[in-house]
Amino acid sequence: MVERFKPIRFSRAGIRGLKASATIAINDRVREIWDAGRNVYHLAFGESRFPIHPKIAAALGANAHRRSYTSALGIPELRKVIAAHYQRRFELDIAPEQVVVGPGSKSLIFSALMALGEEVIIPQPSWVSYGPQAHILGKPVTFVPTRPETNYELELDVLESQIRESRQNWGNPEVFIVNSPKNPTGTVMRPEKVEALAGFAREHELMVLSDEIYALTVFSAVPHVSMSRFYPEGTVVFGGLSKSLPLGGWRVGTAIIPRDNGGKALTQAMSNIASNIWTCTPAPVQYAALVAYSDDPEIEEYIDICRRMHAIRTRFLYRTMKSLGVPCVEPAGAFYIYPSFERWREQLAARGVHNDNELAFHLIDRYEIATLPGSDFHAAQDFCLRISSSYIDAATDEKADMLLSAFREDPDPERFIRNQHPRLQKVAERFGEFVAELRREAGEPETVPSLAVV
Ligand code: GLU
């Protein structure tokens, strides 16, 4: 029970049962461990840590004098540039009026959720904050489980039955959150699936909030296709500068709203929310973002270099898991893998580890490896971990600079890992030790972690 303090008393609305964002909480915890001079391998946070591009850094400096409030929806120049960017990179026919700029896509998802619908549909697993945002807004959630066997893609029959069941219980799911490339699995939805889901959403009159913030990080043959291509009248597309470029702390988020009158009303609603809560996205950052979204060939090349570096690091972790016999779906974008340790449930129980949360603690305590449990991602299966490649060997700016120069000089994946990633290799070794122990206890043959990357 929370103590009562006078005169501070807590409101039940929104706060009851609300936990801190798991990603932000573990990131703070890891920093505390580092500040105390102890080691931990940070695989728990999804932040692109590569250096800032000098042109973008210069643009921020040059715009430091922009000290006035801006429109809640973003400066018109930026909305225009973002619309052109979406047209060119994603083949979406977007007008500047459809673009909303906000302080991070998180705030924009929240304001859209606040504006729209009674209840929310969330796939399992999904990013940590969708559920808590619905909770703050007092909106009931219908969860839809997905399975590793189908690459964690939504299955229409499961989706349909979950919605039906919710309606039978007086529920009214109207807003549907989808996310591809997907956090926490690193999977990318096939274009056919995007189209099928769009058809389903149209037929069931669901409003889709499509979180596409990882769109420019895809590294597999399956291309990213926006939900808005197939269902423009019922999709809000979210994006931002936190993943394709290393600008997470800048908090630049975007939403692309449908063009019709319904979309105009939604834009007005989101503007009203923004103007009463955060007013606007910081002005200097908006002006600097003009450069980031300008489709300047140098910046385009840099986005691509970041994507390739993430791919090598993420695929290395995936190959490590595969070589150890840990079930894990193949990542195709973002910087995450999502292995399952379920098959060693018994051996883990003998160590006092009974769920994924305890497993994450066990890995920090015994192996100095920080990850996040699947349960923080509304997981449908137990004993999964989300492992992020984005921080490791790039924790300091010097290391991040070194990584970039080394990659520019020699982009060979094997050598990039071998010569520039001592800590990532250590992580592979530690996972190797951990899994070897479990396998021994289970009477399974031994495995060694592979250092292969492709
Ligand atoms: N999206 C990132 C992650 O999943 C971190 C930022 C956040 O959760 O707000 O690790």
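Residues numbered from 1 in each chain as written. Predicted model: local features only at pLDDT ≥ 70, side-chain atom pairs only at ≥ 80, totals over all residues. Heavy atoms only, no water.

Student: Would you mind going over the overall build of the protein with me for this structure?
Tutor: Each helix and strand in the protein was counted, giving 15 helices and twelve strands. In terms of C-alpha radius of gyration, the protein reaches 22 Å, essentially the compact-globule figure of 22 Å for 454 residues. Each of the three principal axes of the protein carries a C-alpha extent, and together these read 65 × 55 × 55 Å. The buried share among the 454 residues of the protein stands at 57%. Accessible surface for the protein amounts to roughly 19,500 Å². Of this, 51% is attributable to carbon and sulfur atoms. Across the protein, 51 positive and 55 negative side-chain charges occur, with their mean positions spaced 4 Å apart. (Helix = DSSP H or I, 4+ residues; strand = E, 2+ residues; numbered from the N terminus. Rg over C-alpha atoms; globule rule 2.2 N^0.38 Å. Buried < 20%, exposed > 50% of the residue type's maximum accessible area, 1.4 Å probe, protein only. Areas by Shrake-Rupley, 256 points an atom, 1.4 Å probe, with all protein chains shown as cover. Lys, Arg positive; Asp, Glu negative; His and termini not counted. Charge placed at Lys NZ, Arg CZ, Asp CG, Glu CD.)

Student: Just checking my understanding: could you explain the packing of helix H10 (residues 297-323) against helix H15 (residues 422-442) for this structure?
Tutor: A pair of packed helices is captured by two measures, namely the crossing angle of their axes and the spacing between those axes. Running from amino to carboxyl end, H10 crosses H15 at an angle of 15 degrees, the nearest separation of the two axes being 10 Å. It follows that H10 is roughly parallel to H15 by the angle criterion. Our pair here, H10 against H15, has a crossing hand that is right-handed. Where H10 abuts H15, its residues Arg 313, Phe 316, Leu 317, Thr 320 and Met 321 lie against Leu 424, Gln 425, Val 427, Ala 428 and Phe 431. A class-by-class count of the residues in the contact of H10 with H15 yields seven nonpolar, two polar and one charged. (Axes fitted to C-alpha atoms, helices over the stretch in contact; angles between N-to-C directions. Parallel < 35°, antiparallel > 145°, perpendicular 65-115°, else oblique. Left-handed = near helix turned anticlockwise from the far one by under 90°. Contact = heavy atoms within 4.5 Å. Nonpolar A, V, L, I, M, F, W, Y, C, P; charged D, E, K, R; others polar.)

Student: What should I look at first to understand the site of the ligand in this one?
Tutor: For the ligand, the full set of nearby residues is Thr 23, Ile 24, Phe 45, Gly 46, Lys 106, Trp 127, Asn 183, Tyr 214, Lys 243, Tyr 336 and Arg 386. Between Lys 106 and the ligand, the recorded distance is 2.7 Å, taken from a side-chain N or O atom to an oxygen atom. One of the side-chain N or O atoms of Asn 183 is found 2.8 Å from an oxygen atom in the ligand. For the ligand, whose free accessible area comes to 290 Å², the fraction covered by protein is 90%. Partitioned by chemical class, the residues of the shell around the ligand number five nonpolar, three polar and three charged. (Near = heavy atom within 4 Å. Polar contact = N/O pair within 3.5 Å; in protein donor to acceptor, adjacent residues only side chain to side chain.)

Student: Looking at this model, I keep getting lost on the pairing of strand S3 (residues 119-124). Mind explaining?
Tutor: Looking down a regular strand, the side chains alternate between one sheet face and the other. Of all six residues in S3, six are buried, a share of seventy percent or more. Across the two faces of S3 the burial is the same, with Glu 119, Ile 121 and Pro 123 and Val 120, Ile 122 and Gln 124 all buried. Direction of pairing for S3 relative to strand S5 (residues 173-179): parallel, over a ladder of three bridges. The residue of S5 that forms the bridge with Ile 121 is Phe 176. In this structure, S3 lies alongside strand S4 (residues 141-145), joined through five bridges in parallel fashion. Within S4, the position partnered with Val 120 by the bridge is Val 141. For the crossover that starts at S3, traverses helix H5 (residues 130-136) and ends in the parallel S4, the hand is right-handed. (Pairing = 2+ DSSP bridges. Right-handed = clockwise from strand over helix to strand, strands pointing away.)

Student: Explanation requested: the side chain of Arg 430 in the structure shown.
Tutor: Tracing the chain through its elements places Arg 430 in helix H15. Within the structure, the side chain of Arg 430 is placed 3.1 Å from the backbone oxygen of Tyr 367, a separation counted as a polar contact. The contacts of Arg 430, once residues within four sequence positions are left out, are Tyr 41, Tyr 367, Glu 368 and Ile 369.

Student: Looking at this model, I keep getting lost on the side chain of Thr 281. Mind explaining?
Tutor: Position of Thr 281 among the secondary structure elements: in the loop between helix H8 (261-277) and helix H9 (283-292). Residues within four places of Thr 281 in sequence aside, it is in contact with Thr 70, Val 101, Gly 102, Pro 103, Arg 251 and Gln 286.

Student: Honestly, the packing of aromatic side chains in this entry has me stumped. Any pointers?
Tutor: For any pair of aromatic rings, the description rests on two quantities: the centre-to-centre distance and the angle between the ring planes. All told, the structure shown has twelve aromatic pairs when counted by the stated rule. Relative to Tyr 336, the ring of Tyr 214 has its centre 5.6 Å away and its plane inclined at 75 degrees; by these criteria the two rings are edge-to-face. In this pair, Tyr 214 sits in the loop between strand S6 (207-211) and strand S7 (235-240) while Tyr 336 sits in strand S9 (residues 336-337), placing the two residues 122 residues apart along the sequence. Residue Tyr 214 is classed as buried on the basis of its relative accessible area of 3%. The class of Tyr 336 is buried, set by a relative accessible area of 1%. The structure contains a cluster of three or more aromatic residues connected by ring pairs, namely Phe 341, Trp 344, Tyr 367, Phe 431 and Phe 434. Seen from the ring of Tyr 391, Arg 49 lies directly overhead, with NZ or CZ sitting 5.4 Å from the centre. Above the face of the Tyr 287 ring, Arg 66 is positioned so that its terminal group lies 3.8 Å from the ring centre. (Phe/Tyr/Trp six-rings, centres within 6.5 Å; stacked < 30°, edge-to-face > 60°. Lys NZ or Arg CZ within 6 Å of the ring centre and 35° of its normal.)

Student: What exactly am I supposed to notice about a nonpolar patch on the surface here?
Tutor: On the surface, a cluster of nonpolar side chains totalling about 410 Å² of accessible area is made up of Phe 5, Ile 8, Phe 10 and Ile 15. One can find Ile 15 in the segment before helix H1 (22-35). (Patch = residues over 30% accessible without salt bridge, like charges linked within 9 Å, V, L, I, M, F, W, Y side chains within 5 Å. Salt bridge = Lys/Arg side-chain N within 4 Å of Asp/Glu carboxyl O.)

Student: Can you help me understand the nonpolar core in this one?
Tutor: In a soluble, globular protein the nonpolar side chains are often hidden away together inside. Counting residues in each nonpolar core, the largest one holds 72 residues, and the members touching the most others are Leu 245, Phe 341, Leu 348, Leu 359, Phe 431 and Phe 434. Sorting elements by how many residues they give to this core places H10 first, with eleven residues. When sequence neighbours within four positions are dropped, the list of residues in contact with Phe 434 reads Phe 341, Leu 348, Arg 351, Leu 359, His 362, Leu 363 and Tyr 367. Among the nonpolar cores identified, the runner-up in size contains 36 residues, and Leu 116, Met 207, Phe 238 and Leu 372 belong to it. (Core = buried A, V, L, I, M, F, W, Y, C linked by side-chain atoms within 4.5 Å.)

Student: What's the story with the pairing of S5 in this structure? I'm lost.
Tutor: Of all seven residues making up S5, six are buried, and the element is well covered by its neighbours. Pairing geometry for S5 and S6, over five bridges, is parallel. Note that in S6 the partner of Val 175 across the bridge is Met 207. Once you follow S5 into helix H7 (residues 191-203) and on to S6, the crossover reads as right-handed.

Student: Sorry if this is basic, but what is going on with unusual backbone geometry here?
Tutor: Peptide bonds are, in most cases, trans, and in most cases residues other than glycine have a negative phi. Looking along the chain, the bond that leaves Gln 124 and enters Pro 125 is cis, with omega of 0 degrees. The topology assignment puts Pro 125 in the loop between S3 and H5. Cis geometry marks the peptide bond from Asn 183 to Pro 184; its omega dihedral reads 25 degrees. Not every positive phi belongs to a glycine, and Ala 334 is a case in point at roughly 60 degrees.

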